[in-house]
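# Fold and geometry: a report
Now for the letters of each chain:
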Amino acid sequence: MKARLDHWRSLEEYADSPECREWLEREFAPMASEWEDAVSRRRFLKLMGASLALAGLGACTRQPLEKIVPYVTQPVGMVPGEPLHFATSLTLGGFARGALIESREGRPVKVEGNPAHPASLGGTDVFMQAATLDLYDPGRAKTVTHAGAIVTWNDFRTALAGELARLANQGGAGIRVLTGNVTSPTLGAQMRALLAKYPGAKWHVWEPLNRDAARAGAELAFGVPLDVVCDFEKADLVVSLDADFLGTGPAQPRYVRDFAKRRRVAEGVENLNRLYVAEPTPSITGARADHRIPTAPGVLSQIAEALGTELGVISKQLDAAYDSAFVTAAAADLLAHRGRSLVLAGESQPAHIHAFAHQMNAALGNVGETVRLIAPVDENPVNRTASLRELVGDLESGKVELLVVLGGNPAFDAPADFAFAEKMLRAKTCVFLGTHPNETAAACDWQIPAAHELESWSDARAFDGTAGIVQPLIEPLYTGAVTPHEFIAAMLGEAVPSSYEIVRDFWREQKVWEDFEAGWEKAVRGGAIADTAFASKPAEARTITPETKATPKGLTLLFRADPTIHDGTFSGSTWLQELPKPLTKLVWDNAVLISPRTAARLGLTTNDLVELTNAARQVVAAIFLIPGQADDTLTLHLGYGRRIGNATATGHGFDAYPLRMSTAMDSTEVTLRKTGETYPLITTQQHFGLEGRNLLRVATLSELRDKPTVIQDMGKIPAPDETLYNPHEFPSKHYAWALTIDLSTCVGCNACVVACQSENNIPVVGKEEVQRGREMHWIRVDTYFAGVPENPGTHFQPVPCMHCENAPCEVVCPVAATLHDSDGLNVQVYNRCVGTRYCSNNCPYKVRRFNFLEYNGGISPVEKLGKNPEVSVRSRGVMEKCSYCIQRIESARTTAAIEERRVRDGEITPACAQACPAEAITFGDLNDSTSRVVKLKATKLNYGMLAELNTRPRTTYLGRITNPQPEARA
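Residues numbered from 1 in each chain as written. Predicted model: local features only at pLDDT ≥ 70, side-chain atom pairs only at ≥ 80, totals over all residues. Heavy atoms only, no water.

### Quick word on helix α14 (residues 384–396)
An α-helical turn contains 3.6 residues, so any two residues separated by three or four positions project in the same direction. What counts here: Each helix is a run of H or I in the DSSP string that is no shorter than four residues. Each strand is a run of E no shorter than two, and both are numbered from the N terminus. Here, expected helix span is obtained from the residue count minus one, scaled by 1.5 Å. Exposure classes here rest on a 1.4 Å probe applied to the protein chains alone. A residue is buried below 20% of its type maximum, exposed above 50%, and partly exposed in between. Contacts are assigned to residue pairs with any non-hydrogen atoms lying within 4.5 Å of each other. A 3.5 Å cut-off defines polar contacts: any pair of N or O atoms within that distance qualifies, except that in protein one atom must be a possible hydrogen donor and the other a possible acceptor, and neighbouring residues in sequence count only when both atoms are side-chain atoms.
Relative to the 18 Å expected for 13 residues at 1.5 Å per residue, α14 spans 18 Å between its end C-alpha atoms, a close match to the ideal helical length. Within α14 the residues assigned to the buried category are R384, T385, S387, L388, L391, V392, D394 and L395. Of the surrounding secondary structure, the elements contacted by the buried residues of α14 are β6 (175–179), β7 (202–205), α8 (212–222), β14 (402–406) and α16 (420–424). The residue sitting at the N-terminus of α14 and contributing the capping side-chain oxygen is N383; that oxygen lies 3.2 Å from the backbone nitrogen of T385. Just beyond α14, the residue with positive phi is G398, at close to 75 degrees.

### Topic: the packing of helix α11 (residues 297–310) against helix α12 (residues 324–336)
Heads up, the rule is: Every axis in this analysis is a line fitted to C-alpha atoms, fitted for helices over the stretch in contact. Angles between the N-to-C directions lie between 0 and 180 degrees. Angle categories: roughly parallel below 35 degrees, roughly antiparallel above 145, roughly perpendicular from 65 to 115, and oblique for all the rest. Note on convention: near helix rotated counterclockwise from far helix by under a right angle means a left-handed crossing. Clockwise means right-handed. Here the nonpolar group is Ala, Val, Leu, Ile, Met, Phe, Trp, Tyr, Cys and Pro; Asp, Glu, Lys and Arg are the charged ones; every other residue, Gly included, is treated as polar.
In the contact formed by α11 and α12, the axes pass within 9 Å of each other and the chain directions differ by 45 degrees. With respect to each other, α11 and α12 are oriented oblique. In this structure, α11 meets α12 at a crossing whose hand is right-handed. Within the contact between the two elements, α11 uses I303, A306, L307 and E310 and α12 uses V327, T328, A330, A331, L334 and L335. Among the residues making up the contact of α11 with α12, the classes are represented as eight nonpolar, one polar and one charged.

### Quick notes on the sheet that holds strand β21 (residues 592–594)
Threshold: Think of it this way: DSSP has to see at least two bridges between two strands before they count as a pair.
The six strands lie next to each other as β19-β24-β21-β23-β22-β25, forming a closed barrel whose pairing is mixed. Between one strand and the next, the sheet's axes are offset by a mean angle of 45 degrees, whatever the strand orientation. In terms of strand pairing, strand β22 (residues 608–614) meets strand β23 (residues 617–625) through six bridges, oriented antiparallel. Note that in β23 the partner of V610 across the bridge is A621.

### Structural notes on the sheet that holds strand β2 (residues 95–104)
For sheets, the rule is that strands pair by backbone hydrogen bonds, running either parallel or antiparallel. With antiparallel pairing, the three strands of this open sheet are ordered in space as β1-β2-β3. In this open sheet, the two strands that pair with only one neighbour each are β1 (84–92) and β3 (107–113). Strand-to-strand twist across the sheet, computed as the mean angle between neighbouring axes with direction ignored, equals 40 degrees. Bridge count between β2 and β3: six bridges; the pairing is antiparallel. Residue pairing across strands places L100 opposite E112, the latter belonging to β3.

### Description of the environment of R504
With respect to the element layout, R504 can be found in helix α19 (residues 499–510). Take R504: its relative accessible area is 10%, and that puts it in the buried class. The contact partners of R504, leaving out residues within four places of it in the chain, are F516, E517 and W520. Side chain to side chain, R504 and E517 meet in a polar contact 2.7 Å long.

### Some points on unusual backbone geometry
The backbone of A147 sits at a positive phi, close to 55 degrees, despite the residue not being glycine. Here A147 lies in the loop between β4 (144–146) and β5 (149–151). We classify A147 as exposed; its relative accessible area is 70%. Despite not being glycine, N950 shows a phi value in the positive range, around 60 degrees. The class of N950 is buried, set by a relative accessible area of 3%.

### Side note on the pairing of strand β16 (residues 446–449)
Of the strand pairs in this sheet, β4 and β16 are connected by two bridges, and their pairing is antiparallel. Among the inter-strand pairings, T145 is bridged to a residue of β16, identified as Q447.

The structure is reproduced here in structure tokens:
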């Protein structure tokens with residue numbers, strides 16, 4: 001096969017297959033024009049005509065009077081119609097990320113990053129953005145139940161007190177508490193108090209995505225388990241051994257922000273860093289690499305050892321199975337950047353690779369500069385797998401009389417060989433505290449609804465140890481919902497004070513502030529407690545003997561966190577289920593990722609169902625061919641295949657956990673059998689393709705130095721008078737809003753997509769509607785590949801509405817529903833739109849979304865609480881698109897008018913720009929010569945997508961600049 005284009009979006013497009021050619025030549029996807037499977041547009045209009053006639057007959061019917069009541073006494077701290085923002089922390093795997101929550105009349109409706117919190121610095125990820133949807137999920141646990149019967153919290157407390165009184169005579173020997181990672185200092189203190197009261201009790205920890213190997217690697221290298229904190233802003237050179245630091249993890253928003261600061265070409269080419277990545281399966285970090293090689297898991301260990309040998313930290317005779325050119329280039333670069341480089345091992349890599357990375361950083365003088373070593377951040381830093389194994393052993397031997405599970409879902413995600421769901425039943429009494437029904441809750445005698453993080457007082461530490469206060473934005477939506485603090489207080493036999501009192505009392509005892517009340521208020525208001533980050537630990541690297549492991553002969557299956565639903569924690573979120581995954585663009589499913597070459601050898605194509613077998617365990621899953629995957633290596637993301645939960649969580653994808661063993665948590669050898677059946681995987685990768693157009697502009701740093709206009713020379717911009725459009729006048733007294741997107745810093749993380757969905761009340765449409773090409777996202781992130789499918793370069797390009805000054809959509813709308821306002825924005829008047837879709841036909845960027853069905857009509861009252869009141873909730877039959885968050889523009893304009901001034905630069909930030917951890921999106925006024933957007937558009941990197949059409953887009957791009965080492969081949 002040979003690519004017809006410099007950049008291609010799928011293997012089908014690369015091969016120029018007839019199916020792809022048909023898709024590209026169609027105006028819309030198949031079935032996208034039909035309302036329902038059996039109802040044509042003509043039939044629909046007939047039905048609508050009859051419906052309207054019938055509606056007229058009932059128009060004289062008077063609706064019952066409904067009395068509304070205004071504020072008589074305005075609540076303190078609340079101005080009706082004005083948003084308030086509260087600082088808090090949202091956790092991922094137990095680790096805090098700072099957030100600012102927008103509240104409207106006591107309802108949290110939008111999540112932003114907290115600029116004052118070290119884990120976010122104002123950025124977010126998709127999981128933070130989806131927190132409000134999770135809060136208002138009607139499928140949440142609502143009542144206390146015992147053996148399926150609804151009871152009260154007091155009923156449970158009475159039963160619990162009796163059980164604990166009996167076990168107290170044994171010193172609490174039969175009590176076991178299982179939690180996830182706990183970084184809450186308050187909860188940690190409570191757990192230690194519980195163990196002191198019941199010396200025979202045990203506290204176990206389980207996380208399906210744990211850091212056991214990383215800490216074991218630190219212990220190998222330094223003699224003690226340690227956590228790693230990286231400073232990417234200081235690193236001129238980064239070598240990643242399957243470390244997806246830009247794509248996943250509790251530090252991801254911070255790491256993306258720091259890394260992006262070193263990729264801002266518009267601020268100086270001398271500042272650019274360089275990234276080498278060796279990985280078995282494509283990742284966001286690999287997509288941003290200047291040099292990347294797909295590497296099978298067994299070979300990755302050899303690369304780590306070869307790097308160590310080149311740097312002189314280990315000595316070993318190596319074979320030539322690895323890419324020696326990659327290793328030689330990376331090692332030379334590392335030696336040239338001593339003290340300003342960084343070597344990272346992924347959390348899925350074995351302990352000895354982490355140890356090699358630590359050794360290399362120590363030898364290069366990076367420790368204390370680009371990397372810090374700190375004490376473990378969590379309150380109970382045990383080996384999670386070993387801890388759960390011990391609990392399983394106690395369950396098997398009948399030692400557990402009271403098992404308390406605080407959150408998580410170990411019955412679903414524990415190692416398959418533990419058979420935890422079955423072993424749980426051997427406990428005499430089992431209690432589950434969680435926000436949602438799941439497999440673990442179903443196996444327990446008692447189910448206690450937990451308060452959501454946005455309903456709770458608590459605290460949590462960030463990846464660097466910084467403690468932050470978790471404060472509630474709303475009273476618990478469901479009576480009886482309790483926090484872990486209140487639950488443990490009940491176990492301690494206390495009067496169950498509120499979480500607020502428990503957390504305050506803990507911090508009062510810590511004496512971190514001379515004036516407690518002033519310090520407490522400052523910590524709550526700011527979201528983080530100053531000077532609580534963990535100090536660096538002195539550590540001296542030890543000599544490590546390389547491990548000799550046989551390279552797998554057959555197929556290796558990798559287990560990885562899913563980019564949209566993580567480990568299954570977020571499988572109940574419709575926003576995240578319908579969010580296209582960054583590299584495959586799959587929605588509502590996972591799949592077995594396989595390289596094109598391996599698929600051809602095995603006679604497989606995308607959608608084929610296969611049976612994967614390991615140790616007499618089988619999983620049936622669908623195949624998906626992906627460029628850049630290592631040969632003979634399969635990847636199946638975790639979290640799908642849920643059996644118990646809300647309708648969103650269950651019935652989608654394939655469960656990888658049955659193949660995941662305690663001795664092989666991250667990869668395992670499997671055999672594969674083709675079943676002869678297929679499964680409809682839905683990917684948006686070919687949707688809205690603009691085939692044959694020069695949309696993406698990429699150059700190397702050396703090319704930019706040789707020719708500063710290299711990006712702009714890739715396309716021709718017509719003169720302003722070369723147009724058939726009537727000119728628009730935009731006087732300087734008005735605003736001229738515009739936006740730039742820096743492709744050098746964008747990492748394709750999708751935070752902008754979910755932020756836009758949350759801000760603008762964009763509905764999900766479901767898997768079948770996405771298959772028809774009817775997804776509703778107002779901004780999409782296109783993924784492009786360049787080069788050969790075995791190891792292509794990967795590029796991301798966010799595409800919102802271009803807000804063309806010469807807008808093709810406007811001239812074809814028969815009712816002027818799409819038009820320019822005085823500031824040059826292309827706005828959409830919903831109550832004019834009659835659904836002709838001519839504007840979408842004429843839009844060369846394919847960024848307009850027609851609302852085919854009544855997606856918001858059946859939502860529950862609690863779901864309505866999460867809607868942004870500043871944005872209308874649209875009904876079927878209208879066209880939707882990005883508005884640059886015009887509600888935010890109007891709010892700032894109103895404030896400026898009251899103060900008799902112009903809107904200041906930076907005063908307005910659209911939701912996409914505010915969420916972006918890379919700060920890749922810049923918004924401002926073209927009529928303000930000092931604005932940042934004007935300065936960026938004046939650079940030689942700026943270009944307009946399809947500018948040759950003379951649409952004069954207000955949204956433009958800064959071309960992507962890569963920084964490869966000229967001597968490196970990979």
